Protein chains: 2
Amino acid sequence: MSVTKPSLPKGTRDFSPLEMVKRNYIYDTIKTVFKKYGYAEIQTPSMENLQTLTGKYGDEGDKLIFKILNSGDYLAKVDEQLLASKNSNATISKISEKALRYDLTVPFARYVVMHQSEIAFPFKRFQVQPVWRADRPQKGRYREFYQCDADVVGSPSLLNEAEFVLIYHEALTNLGLKDFDIKINNRKILSGIAEIIGKPELIVDMTVAIDKLDKIGLDGVSKELLERGFTEADIEKLKPVILLEGTNEEKLESLKSVLAGSETGLKGIEEIETVFNYVSKLTTDNSKLTTVIELDITLARGLNYYTGCIFEVKTNEVAMGSIGGGGRYDDLTGMFGLKDLTGVGISFGADRIYDVLEELNLFPTSAQQGTKVLISNFDEAAELFALPLLQQLRDANIAAELYPASVKLKKQMSYADAKSIPYVVLIGEEEMQSGKLTLKDMVSGEQQKLTATEIVEKLK
Amino acid sequence: MSVTKPSLPKGTRDFSPLEMVKRNYIYDTIKTVFKKYGYAEIQTPSMENLQTLTGKYGDEGDKLIFKILNSGDYLAKVDEQLLASKNSNATISKISEKALRYDLTVPFARYVVMHQSEIAFPFKRFQVQPVWRADRPQKGRYREFYQCDADVVGSPSLLNEAEFVLIYHEALTNLGLKDFDIKINNRKILSGIAEIIGKPELIVDMTVAIDKLDKIGLDGVSKELLERGFTEADIEKLKPVILLEGTNEEKLESLKSVLAGSETGLKGIEEIETVFNYVSKLTTDNSKLTTVIELDITLARGLNYYTGCIFEVKTNEVAMGSIGGGGRYDDLTGMFGLKDLTGVGISFGADRIYDVLEELNLFPTSAQQGTKVLISNFDEAAELFALPLLQQLRDANIAAELYPASVKLKKQMSYADAKSIPYVVLIGEEEMQSGKLTLKDMVSGEQQKLTATEIVEKLK
């Protein structure tokens, strides 16, 4: 067996014990909130049939799907001429029939279709699993990363949208974030605007341009709109929309007059109002939510599949892209032959949230604790003396370790430090004779003489 | 986009909400015990460089590794003649440089070597992640399954072995298992026996034959030993070993006389005795452990890599193969150039444990509960009335849902049943007027009239 100097594939990561504790803290916090709102966890396999995934993410997406080579003599049945042509693309389907999942949405749609007879609709599910994309790795972009999604399918009620706002608010607040915006928009409002201008086909161009207002100002946006096929007259009509300001209520009032001629647009406004009404009925602290939710008609996330409300969440405490997003889609499962099943879902950007919490120093120290106490090991006699204490501690459900060798104390202390173990019990000659052991607080440095029972009581 | 009838790749599984709750119950129970004994979680990427994995699992293992096709124009640089030869095996390394992990052990070894400068040894880590094998799927054997491992590297102390016995005992007991054996053996005892007979090179043949005693009896074993290169005289010497009976102490005494001439054999006995001593010092209920731990010198699991103690766990309540196993290996990281790092580890067979708990009906009902209460939805007025209660329930950390449509009550009740929701709040005309809502216990069928506050109190 030759010795290989080990390395990791580009864009993948190991997670150390400390990182795992922090990651689990984020996932557990979010999952707890999902469950409180009635969402139940599912998992799907890492690999799907290639056919299940192909064609769902556009041509660019298809290229980024990791394909799994067929096992065995995978070349045996491949046409010789095809191989000779070295056409990589055309050969894929001959040598690969499975692929790694690219997101959680398509596997979820497949799950719903395959299990439709066992599911009690509306089906409220959450899913936290890794996905893989053959993207060029760069800072903050990995080839393996976790997605953290909640979706409900089979319920058109806007109560779901309102609850997602509350889920975002509760989860992020529980994680210690204090200043974040939950932006909301509605695809129907955007359609209405494009309709009023008479350019429904330019809805994407319109939103892409408007979205840049912050960066390039009104003149810049106007210029871009002209380039993208709008006239000066169109831009005049668009101005009140682009410059929409004030509270959510004020914005809705302005939009109502702009969109008075568009049934679709008015429907979008009504949907947003219904969501706001649900939210206000579901919280006692209305002011909190009126400052957190922001109607933002420039929000155009996922415009090619969302059909109703659209969400995006941004923190204002750290410069960072969106830390969450989602929306309503009217035909999730159509691609697998199950029509007319409406769905709405959100996603948390857990990797970004990790970076935000790290930068703001928001990980609680309790989330960093593994072992609570290390018993030092001076010699064989001390080790023997320590064993019953070790057992007593664990019987009291205290995570405890006995250092498994009588090496220099300094080394044992570094071990405790490296593992952030907050207490060390020192057992020497004197301690064994008196029965009073030394308990050292590794944070304060303080030492106390206590009996074994007192130590268990104190650490419990 | 063409409609595809969806299916799953062979040997992979979806996990429904109920299955996930049960699986999480098993993992959480085991993880809690790992942590109590000072083990910390790590995760490694699903994909490793193919080179990292190749050659570590034997030729048969190499074939079962799932290889990932390189992205982009993966055929461009492949030699034309190689393609024309259709040599699947020789082509793999040209079109694939990554693969899915086959177990958690090799990635762990890679992790230790890559992170050796950050790790405080002894390094006690646990890891619960899926692995993938291109095995032929059959009942109980999947192509994607979870492994659940704990290992410590950098500590030769047999305290670790003793603690693994306790970890098995505590985790399986916490899962509700009442009758299981933790079998222990030591590679050095087997080596000693082969040495005494003068056939050290036949150690594997010897153990394979002895292992069949239960099935084929002494005559059968003798016949097999003859076939495998042993003489009648050898078999005479082996008889006391094959027929070893009695308590662990009695077995050790017999072995001591058999192995008196083998230094290695005696070392193995000494190691087992040390483990037993540690275990007895670490438990007050010695009888429990003397009936649970069983010295079994026919245990030959992983003989080609274990160098010291070997473990295997079997339940006696259900006919099932081993539900756990492990052992000490003296050169885990040598394959990646880091020599002389000793390790010992165990694994839980979580899929089998799942089947055992299912068969014995040992999953606690609390592990099956998601949403605690569903508020029914009669009409718009009732929905409006329900919203503040929904909020109160969630503020009290009670997982609650409001059915998001005013459909027939029967449908809402089936929804509660399907999700095993134990309580339903019924809000009708009368309830809204009196303020006394009907709380229905879905298990007993009992109904009570309570105020919103009383309901929150009761369910808290």
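Residues numbered from 1 in each chain as written. Chains lettered and ligands numbered in written order. Predicted model: local features only at pLDDT ≥ 70, side-chain atom pairs only at ≥ 80, totals over all residues. Heavy atoms only, no water.

- Chain A goes by Histidine--tRNA ligase in an unreviewed UniProt entry, where it is assigned to Pedobacter ureilyticus.
- Of the comments in the UniProt record for chain A, the one headed Catalytic activity (unreviewed entry) reads "tRNA(His) + L-histidine + ATP = L-histidyl-tRNA(His) + AMP + diphosphate + H(+)". (UniProt positions renumbered as here; feature names shortened; annotations may be inferred.)

1. Brief notes about the interface of chain B and chain A
Right, on to step 1. Listed by partner, the interface residues are 105 residues for chain B and 105 residues for chain A.
Right, on to step 2. Considering only the surface of chain B that becomes buried against chain A, Lys-36, Lys-86 and Arg-394 of chain B emerge as the three largest contributors, covering 8% of it.
Right, on to step 3. Our enumeration of links across chain B and chain A arrives at eight salt bridges.
Right, on to step 4. Among the ionic pairs, Glu-80 of chain A bridges to Lys-86 of chain B, the shortest N-O distance being 3.1 Å.
Right, on to step 5. The interface formed by chain B and chain A includes 46 residue pairs in polar contact (both at pLDDT 80 or more). (Contact = heavy atoms within 4.5 Å. Buried area = accessible area lost by both parts, 1.4 Å probe. Salt bridge = Lys/Arg side-chain N within 4 Å of Asp/Glu carboxyl O. Polar contact = N/O pair within 3.5 Å; in protein donor to acceptor, adjacent residues only side chain to side chain.)

2. Some remarks on the pairing of strand 6 (residues 144-153) of chain B
Residue and element names in this part refer to chain B.
Right, on to step 1. For strand 6, the buried fraction is high: 10 of the 10 residues fall into the buried class.
Right, on to step 2. Side chains of strand 6 alternate between two faces, with Glu-144, Tyr-146, Cys-148, Ala-150 and Val-152 and Phe-145, Gln-147, Asp-149, Asp-151 and Val-153 buried alike.
Right, on to step 3. Note that strand 5 (residues 123-132) and strand 6 share 10 bridges and pair antiparallel. Among the inter-strand pairings, Pro-130 is bridged to a residue of strand 6, identified as Tyr-146. (Buried < 20%, exposed > 50% of the residue type's maximum accessible area, 1.4 Å probe, protein only. Helix = DSSP H or I, 4+ residues; strand = E, 2+ residues; numbered from the N terminus. Pairing = 2+ DSSP bridges.)

3. Concerning the packing of helix 8 (residues 187-197) of chain A against helix 9 (residues 203-210) of chain A
Residues and elements named next belong to chain A.
Right, on to step 1. Their axes nearest at 10 Å, the elements helix 8 and helix 9 cross at an angle of 105°. Our classification of the angle between helix 8 and helix 9 gives roughly perpendicular. On helix 9, the residues touching Arg-187, Leu-190, Ser-191, Ile-193, Ala-194 and Ile-197 of helix 8 are Ile-203, Met-206 and Thr-207.
Right, on to step 2. Looking at the contact of helix 8 with helix 9, its residues break down into six nonpolar, two polar and one charged. (Axes fitted to C-alpha atoms, helices over the stretch in contact; angles between N-to-C directions. Parallel < 35°, antiparallel > 145°, perpendicular 65-115°, else oblique. Nonpolar A, V, L, I, M, F, W, Y, C, P; charged D, E, K, R; others polar.)

4. Notes on the nonpolar core
Right, on to step 1. With 264 residues, the main nonpolar core has Phe-348 of chain A together with Phe-348 of chain B as its most contacted residues.
Right, on to step 2. Beyond its immediate chain neighbours, meaning those up to four positions away, Phe-348 of chain B contacts Ile-30, Phe-34, Cys-148, Ile-167, Tyr-168, Ala-171, Leu-172, Ile-323, Gly-324 and Ile-353 of chain B.
Right, on to step 3. Core analysis: the next-biggest nonpolar cluster, separate from the first, contains 12 residues, Phe-66 and Trp-132 of chain A together with Met-47 and Ile-68 of chain B among them. (Core = buried A, V, L, I, M, F, W, Y, C linked by side-chain atoms within 4.5 Å.)

5. Points about the sheet that holds strand 5 (residues 123-132) of chain A
Residues and elements named next belong to chain A.
Right, on to step 1. The strand order across the open sheet formed by eight strands is 1-5-6-11-10-9-7-8, and the pairing between neighbours is mixed. Looking at strand neighbours, the two that pair on one side only are strand 1 (40-41) and strand 8 (293-295), the edges of this open sheet.
Right, on to step 2. Pairing analysis gives six bridges linking strand 10 (residues 324-329) to strand 11 (residues 343-348), with the strands arranged antiparallel. By the bridge assignment for strand 11, Gly-324 is matched with Phe-348.

6. Notes on the pattern of salt bridges
Oppositely charged side chains may form a pair once their charged atoms are brought near each other.
Right, on to step 1. Enumeration over the complete set of coordinates arrives at 62 salt bridges over all chains.
Right, on to step 2. Measuring nitrogen to oxygen at the nearest pair gives 2.9 Å for the salt bridge that ties Arg-394 of chain B to Glu-163 of chain A. Of the two residues, Arg-394 of chain B is situated in helix 16 (residues 380-395) and Glu-163 of chain A in helix 7 (residues 159-174); the pairing between them involves two chains.
Right, on to step 3. On the basis of relative accessibility, which here comes to 3%, the residue Arg-394 of chain B falls in the buried class.
Right, on to step 4. Among the residues examined, Glu-163 of chain A registers a relative accessible area of 1% and is labelled buried.
Right, on to step 5. The salt bridge partner of Lys-183 of chain B is Asp-296 of chain B, with a shortest N-O separation of 3.5 Å. Taken together, the residues Lys-183 of chain B in strand 7 (residues 180-186) and Asp-296 of chain B in the loop between strand 8 (293-295) and strand 9 (309-315) connect sequence positions 113 residues apart.
Right, on to step 6. Overall, Lys-183 of chain B belongs to the buried group, its relative accessible area being 15%.
Right, on to step 7. Through salt bridges that share partners, Lys-124 and Glu-163 of chain A together with Arg-394, Glu-401 and Lys-419 of chain B make up one connected network.

7. Considering the side chain of Asn-160 of chain A
Right, on to step 1. Tracing the sequence through the fold places Asn-160 of chain A in helix 7.
Right, on to step 2. For Asn-160 of chain A, a relative accessible area of 2% corresponds to the buried category.
Right, on to step 3. Not counting residues up to four positions away in its chain, the partners in contact with Asn-160 of chain A are Val-152, Ser-155, Arg-328 and Val-344 of chain A together with Pro-404 of chain B.

8. Here's the deal with the environment of Ser-347 of chain B
Residues and elements named next belong to chain B.
Right, on to step 1. Position of Ser-347 relative to the elements: it lies in strand 11 (residues 343-348).
Right, on to step 2. Distance in space between the C-alpha atoms of Ser-347 and Leu-8 is 28 Å, their sequence separation being 339 residues.
Right, on to step 3. A distance of 2.8 Å separates polar atoms of two side chains, one belonging to Ser-347 and the other to Asp-149.

9. Let's talk about the sheet that holds strand 13 (residues 400-402) of chain A
Residue and element names in this part refer to chain A.
Right, on to step 1. Pairing is mixed across the open sheet formed by five strands, whose spatial order is 13-12-14-15-16. Where the open sheet ends on each side, the last strands, each with one partner, are strand 13 and strand 16 (447-450). Geometrically, the sheet is characterised by an average inter-axis angle of 25° between neighbouring strands, direction not taken into account.
Right, on to step 2. Pairing of strand 12 (residues 373-375) with strand 14 (residues 423-426), which is carried by three bridges, proceeds in the parallel orientation. Each residue of the ladder has a partner; that of Ile-375, found in strand 14, is Val-425.
Right, on to step 3. Its contacts with the sheet put helix 17 (residues 409-418) on strand 12, strand 13, strand 14 and strand 15 (437-441), and the angle it makes with strand 14 is roughly 155°.

10. Structural notes on the side chain of Glu-144 of chain B
Right, on to step 1. Mapped onto the fold, Glu-144 of chain B is located in strand 6.
Right, on to step 2. One buried charged residue, Glu-144 of chain B, forms no salt bridge at all, with the nearest opposite charge on Arg-101 of chain A at 5.8 Å.
Right, on to step 3. Side chain to side chain, Glu-144 of chain B and Ser-46 of chain A meet in a polar contact 2.5 Å long.
Right, on to step 4. In this structure Glu-144 of chain B touches Pro-45 and Ser-46 of chain A together with Gly-11, Arg-13, Pro-130, Val-131 and Trp-132 of chain B, once residues within four positions along its chain are discounted. (Lys, Arg positive; Asp, Glu negative; His and termini not counted.)

11. A closer look at the relation of the copies chain B and chain A
Right, on to step 1. It takes a turn of 180° to lay chain B on chain A, together with a shift of 0.0 Å along the axis; the resulting RMSD is 0.0 Å. Look at the turn and shift together and you get a two-fold axis relating the two. Ranked by how close their C-alpha atoms come to the rotation axis, the residues of chain B are headed by Ile-68 of chain B, at 2.2 Å.
Right, on to step 2. Looking at the interface residues of chain B, 100% of them are also at the interface in chain A, so both copies use one shared face. (Least-squares fit on C-alpha atoms with pLDDT ≥ 70 in both.)

12. Examining the pairing of strand 5 of chain B
Residue and element names in this part refer to chain B.
Right, on to step 1. Among the 10 residues that make up strand 5, 10 are buried, leaving the element largely enclosed by the rest of the structure.
Right, on to step 2. Summarising the sheet, strand 1 (residues 40-41) and strand 5 pair through two bridges and their orientation is parallel. Its bridge partner being in strand 5, Glu-41 is matched across the sheet by Phe-126.

13. So, helix 1 (residues 17-36) of chain B
Right, on to step 1. The end-to-end C-alpha distance of helix 1 of chain B is 28 Å, a good match for the 28 Å that 20 residues give at a rise of 1.5 Å each.
Right, on to step 2. Note on helix 1 of chain B: the residue one or two positions beyond its end, Gly-38 of chain B, has a positive phi of about 90°. (Expected span 1.5 Å × (residues − 1).)

14. Here's the deal with helix 9 (residues 203-210) of chain B
All names here are of chain B.
Right, on to step 1. Looking only at helix 9, the buried set comprises Ile-203, Met-206, Thr-207, Ala-209 and Ile-210. Looking down the long axis of helix 9, one finds its buried residues gathered within 160° of arc, a one-sided arrangement.
Right, on to step 2. Close packing links the buried residues of helix 9 with helix 8 (187-197), helix 10 (213-227) and helix 11 (232-242). (Arc of directions from axis to C-beta.)

15. Considering the packing of aromatic side chains
Residues and elements named next belong to chain A.
Right, on to step 1. Under the criterion given, the structure shown has 25 aromatic pairs over all chains.
Right, on to step 2. Pairing Tyr-27 with Tyr-146 gives two aromatic rings, centres 5.7 Å apart and planes at 40°, and the pair type is tilted. Remark: Tyr-146 occurs in strand 6 (residues 144-153) and Tyr-27 occurs in helix 1 (residues 17-36); sequence separation between them is 119 residues. Taken individually, Tyr-27 and Tyr-146 each receive the classification buried, so the pair is uniform in this respect.
Right, on to step 3. Feature note: the residues Phe-34, Tyr-39, Phe-126, Phe-164, Tyr-168 and Phe-348 constitute an aromatic cluster, connected by ring pairs.
Right, on to step 4. Here Arg-133 stacks its cationic end above the ring of Tyr-102, 4.1 Å away from the centre of that ring. (Phe/Tyr/Trp six-rings, centres within 6.5 Å; stacked < 30°, edge-to-face > 60°. Lys NZ or Arg CZ within 6 Å of the ring centre and 35° of its normal.)

16. A few points about unusual backbone geometry
Among all residues save glycine, negative phi is the norm, and among peptide bonds the norm is trans.
All names here are of chain A.
Right, on to step 1. Cis geometry is adopted by the peptide bond preceding Pro-122, which originates at Phe-121 and carries an omega value of -5°.
Right, on to step 2. Structurally, Pro-122 is set in the loop between helix 6 (105-114) and strand 5.
Right, on to step 3. At Asp-340, a position not held by glycine, the phi torsion is positive, near 60°.
Right, on to step 4. With a phi angle near 55°, Asn-361 is a residue other than glycine that sits in the positive phi range.
Right, on to step 5. Take Asn-361: it is sitting in the loop between helix 15 (350-359) and strand 12.

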